[in-house]
Amino acid sequence: MLSKIFSLLLAVIISHSLAAQSIEYSGKIMDTTSKTAAKNAVVALLTPADSVFVKFTRSKEDGSFILKDIPQGKYILMVMHPTFADYVEDIYLNNSNENAGTISMTPKSKLLEAVILKSGSPIRIKGDTTIYTADSFKVSANANVEALLKKLPGIQVDKNGQIKAMGETVQKVLVDGEEFFGDDPGMAVKNLRADAVKEVQVFDKKSEQAEFTGIDDGKTQKTINLKLKEDKKTGYFGKISLSGGLKDDIDDRYNNNILLSSFKGKRKITGFYLNGNTGQDGLSWQDNEKYGGESDNITMSMDDDGGVMYMWRGGGSDDEPYVDTQNGYIKNDNVGVQYSNKWKDKYSFNFSPKFNSQVYNNNRGLFRQTQIGDSTLNEYSTTLSNINRYNLKNSASFDIKIDSNNSLKITLKGNFYHTENNEVRDSYTTGKTGSMKNASSRELEAKSDKTAVSSGIIFKHKFKKLRRTLSANIDWNMLDTNGDSYTNSVNESYLNGSLSSTENIDQLRMTDRRTQTLTSRIVYTEPLSPLYSLELAYEISYNHGNNNQQTYSYSPVNDKYDVMVDSLSNDFRQSISVNKPSFKINYSKKKVKWNIGSGIGLTHFNLEDVTFKKDYVRNYTNFFPAATFTYTYKSNHTLRANYNGYTTQPGLNQLQPLRDNNDKYNQYIGNPNLKPSFSNSINISHNSYNFLKDRWMYQSINFRTTSNAITTSRTINPDSALTITKPVNTNGNFNIGFWGGGGFKVKSIDTRFNFNPNLNYSNATDVINNQTSVSKTLSSGISLYISKSKDKKYDFSINNNLSYNSNKTSQQKALIKYYTNSLTGNATVYIKKVWSIFSDYTYYYRQKTPQFNDALNNQIWNAGLQRTFKNNEFTAFFKVRDILDQNIGITRRFSGNTLTEERNDRLRRYWLVGFSWDFKNKSASPVATKTP
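Residues numbered from 1 in each chain as written. Predicted model: local features only at pLDDT ≥ 70, side-chain atom pairs only at ≥ 80, totals over all residues. Heavy atoms only, no water.

Draft legend 1. View of the overall build of the protein chain. Of regular secondary structure, the protein chain possesses 7 helices and 51 strands. The buried share of the protein chain, reckoned over its 932 residues, is 47%. Of the roughly 44800 Å² that the protein chain leaves accessible, carbon and sulfur atoms contribute 55%. (Helix = DSSP H or I, 4+ residues; strand = E, 2+ residues; numbered from the N terminus. Buried < 20%, exposed > 50% of the residue type's maximum accessible area, 1.4 Å probe, protein only. Areas by Shrake-Rupley, 256 points an atom, 1.4 Å probe, with all protein chains shown as cover.)

See the structure below:
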């Protein structure tokens, strides 16, 4: 009692002794549950430095309150009531009359109910983060994190291991907030145990700059953070799995994995070794894209899983062959080490070297039909590929916390690639009536080496004044490619169905290509008021590239390649510099946050054709407007919107006027007159979660339009079927997409239901024989997912994915439309807790079209049996993949005026018997239970 009287006296003394401006602060206290006034609540202002009372009062019968004679400044507002949870907020009083509006108070009974529910809830939302409690989603014993992710509502993992969360591709997977083997999302989810994870956190990771300044720059990456259980952070754990299926030298299958992780304090060491020939390549989907090269053509594809995907094809010469691990046969060795540590809370180090080796072969058959007005060209080809490649990837980062206001981060990456490719291709093209147009037989032998090196330094400084910051960073990237390729081909041209000419090509192409980019940026932020802040930035970037390609014909007299082919040789250099000043205004309050700003890009192109002594010099001015808006209208309910305007610079191989004639009748040439493209992108998203009803929902709409889009111009000779492709700028390109999802649990039957609708429409413009061709593509679908599980009893799920697709072009008036559907069932039954039978079955349906008279339907059935020993430490298993032997490698695609059917070799029915050991030190072991 005496302490309360003393506090009141002290508050009175301080309120009279503090000078300056007199401010009146008012508001109203309300009960969030009953929507009634909360009377007799204590409303107090405290100093932020030492929490000393400045003023206090009690709310009246109608919940209103008034605090008078308050000096200007920062305060802590505290509202207290015996039946309500305390309310605390930092405020800044400046105007003579400030109104807090309605302050909502949560009854303690309601809060306790929510807390109890949250602790056992499988999903909760905290700010911008969706959090899944891992143990709420049952997986089989010793399952990896990928199996866990497949159980989580709103997250999808496709057959290639690509992860999507709330409709967006996951680009980073962290473990306890740290990178796991660099930026490869697949390494953590494929190799970490699911039962080591406490929580799966999904969020949009902001850029380091935005996290530092608190000003959103619109640059985010969909990220998953795996928070480990405390008992898994000490000591060591690992897994050794060996399996094989012996049939004969060709059909023998094996898959072996070793993973070891050691934790001691903040030091983490993890090593792995993967070895097999069942399609496990150890590469993330991003790596597959890198190996496949770049391209500028996007095609709509109906794949043999019944889904629709967009694949990048063509787009210029590249020394790297395309490898799709879902097709063909691959042998793989993959090894890596991850080391991270922290010292004295000031120094943090992360290092991750990885090595990957692959031997790949595939036999691909291709049918391509191209419509040109009233003419039709039908191309048939078979390609036998043998690829041997390896790469060494290294990444390291070093964080230094100099003091409480200054920090420095250094990142280094060095990747080295070597590829050897042997290819035999036979093709011929006919007209509408079946008359021959051309025929070609080609052998290609190529070797290439790539070196990709990058480094970055960022310095960050915080001033004494809150939210006043300064940061500076420098980034450097270099890509160096050297390669030799030998082409030996026989090419036959026909006229009116009769052979008119034959051309033999025996050439050596030598490529020496290097590009370097240096970027520097400085950013200053200044608080304008408690709610507003200003960001000023200046960025300078310089890109320099050189591509020297020399092509020589074989000389029988000299028995070597010494006759230069001038039309296929060129030395080309590019220099692109950009100066970009920018500003941004930021507003941040409890429920509403927004920012708006723009940059001005002054771009200078200096292209030099050394061979033909010709220069291309031009300048561009672009604006980079950006805006974001976030409204958290109530707990766990958020609405977001963002807009970005950005440019895309053409690549070196797109600019260089160099012809690629590896395929005599399908050639590519660069275009030095290309302009940068400019895109406007708008995204609106909403997500919500109801804890009491265990319901979640999200929606996302994206619209993007691009001017001067870099697409293609194709010149097609209907007589010889010779096609020459060149990149060009076109307008009228836009894309609109919708992704959504929702889920709920019916508690009476303990079953979860999820649904995911999607819709995407694109309008793409290119040029065919100097005429503009517009392709309109629609893909839509909905997936329904039902799951039910009981720990150590059973686990099953059913998923149906229906999609509708259509494509229409101005060159081909007929509308191409078709449905696809995939029905998948997964089931695991546990017997006496240690035995389990598991199986999955998928039926793919693909509607036939007028262009393809037969439907593509097949069934994939996999099953297995396993037995665990010694509290799941040891596991013996037997698996059979593709029991029905129907894993066909057929893909149909529709793009513009072209339709394609591709058939590949594919790994079909095989079996594996194996044994795995999941080990951990005693301190990380669970409480022992008696094994039946």
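That covers the picture; the talk isn't over yet.
Draft legend 2. Quick peek at the pairing of strand β32 (residues 592-609). Sheet topology places strand β31 (residues 570-588) next to β32; 15 bridges connect them, and they run antiparallel. Each residue of the ladder has a partner; that of Val578, found in β32, is Thr603. Of the strand pairs in this sheet, β32 and strand β33 (residues 614-634) are connected by 18 bridges, and their pairing is antiparallel. Note on β33: the bridge partner recorded for His604 is Asn619. Hairpin connection between β32 and β33: a loop of 4 residues separates the two successive antiparallel strands, and Lys613 in this loop has a positive phi of roughly 50°. (Pairing = 2+ DSSP bridges.)

Draft legend 3. Quick peek at the nonpolar core. Counting 33 residues, the largest nonpolar core has Leu149, Ile155, Ile163, Val200, Ile224 and Leu226 as the members making the most contacts within it. Residues within four places of Ile155 in sequence aside, it is in contact with Tyr132, Leu149, Ile163, Lys164, Ala165, Val202 and Ile224. Among the nonpolar cores identified, the runner-up in size contains 20 residues, and Ile29, Leu45, Val54 and Leu67 belong to it. (Core = buried A, V, L, I, M, F, W, Y, C linked by side-chain atoms within 4.5 Å. Contact = heavy atoms within 4.5 Å.)

Draft legend 4. Representation of the sheet that holds strand β2 (residues 42-46). Strand order across the open sheet formed by 4 strands is β3-β2-β5-β6, with antiparallel pairing between neighbours. Edge positions in the sheet fall to β3 (53-58) and β6 (84-93), since each has one partner strand and no second. Adjacent strand axes in the sheet meet at a mean angle of 20° when their direction is disregarded. (Axes fitted to C-alpha atoms, helices over the stretch in contact; angles between N-to-C directions.)

Draft legend 5. Layout of the side chain of Ser783. Tracing the backbone through its elements, the reader meets Ser783 in strand β43 (residues 771-790). For Ser783, a relative accessible area of 12% translates into the label buried. Residue contacts for Ser783: discarding those within four places in its chain leaves Asn754, Phe755, Asn756, Asn799, Asn800 and Asn801.

Draft legend 6. Representation of the packing of aromatic side chains within the structure. Enumeration according to the criterion identifies 27 aromatic pairs in this entry. Relative to Phe398, the ring of Tyr347 lies with its centre 6.5 Å away and its plane at 15°, an arrangement referred to as stacked. One end of the pair, Tyr347, is in strand β23 (residues 347-372); the other, Phe398, is in strand β24 (residues 375-401), and 51 residues separate them in sequence. With a relative accessible area of 28%, Phe398 lands in the partly exposed category. Taking 6.3 Å as the distance between ring centres and 40° as the angle between the ring planes, the aromatic pair formed by Phe878 and Trp911 counts as tilted. Separated by 33 residues along the polypeptide, Phe878 in strand β48 (residues 874-881) and Trp911 in strand β51 (residues 910-920) bring together distant segments of the chain. On the basis of relative accessible area, Phe878 is assigned to the partly exposed category, the value being 39%. In this structure an aromatic cluster arises from ring pairing among Tyr339, Tyr347, Phe349, Phe351 and Phe398. Directly above the ring of Phe624 sits Lys580, whose terminal nitrogen or CZ lies 4.2 Å from the centroid. Positioned above the aromatic ring of Phe877 is the side chain of Lys879, whose terminal nitrogen or guanidinium carbon lies 5.0 Å from the ring centre. (Phe/Tyr/Trp six-rings, centres within 6.5 Å; stacked < 30°, edge-to-face > 60°. Lys NZ or Arg CZ within 6 Å of the ring centre and 35° of its normal.)

Draft legend 7. Focus on the pairing of strand β17 (residues 235-245). Both β17 and strand β18 (residues 253-264) contribute to a ladder of 11 bridges, which runs antiparallel. When the bridges of β18 are listed, Ser243 appears paired with Asn255. As defined by bridge partners, β17 adjoins β51 across 8 bridges and the pair is classed as antiparallel. Residue pairing across strands places Phe237 opposite Lys920, the latter belonging to β51.

Draft legend 8. Spatial organisation of the confidence of the model for the protein chain. With 88% of its residues at a pLDDT of 70 or more, the protein chain has an overall mean of 83. Taken as a whole, residues 112-120 scores under 50 in pLDDT and shows 4 contacts with residues more than four places along the chain or in a different chain. (pLDDT = per-residue confidence, 0-100.)

Draft legend 9. Seen up close, the environment of Leu907. Its place among the elements puts Leu907 in the loop between β50 (898-904) and β51. On the basis of relative accessible area, Leu907 is assigned to the buried category, the value being 15%. Taking the C-alpha atoms as reference points, Leu907 and Thr278, 629 residues apart in sequence, are found 7.5 Å from one another. Residues within four places of Leu907 in sequence aside, it is in contact with Arg253, Asn277, Thr278, Gly328, Tyr329 and Asn887.

Draft legend 10. Representation of the environment of Ser598 within the structure. Mapped onto the secondary structure, Ser598 falls in strand β32. In this structure Ser598 comes out as buried when scored by relative accessible area, which is 19%. Discounting residues that sit within four places of it in the chain, Ser598 has contacts with Pro581, Ser582, Phe583, Phe623, Phe624 and Pro625.

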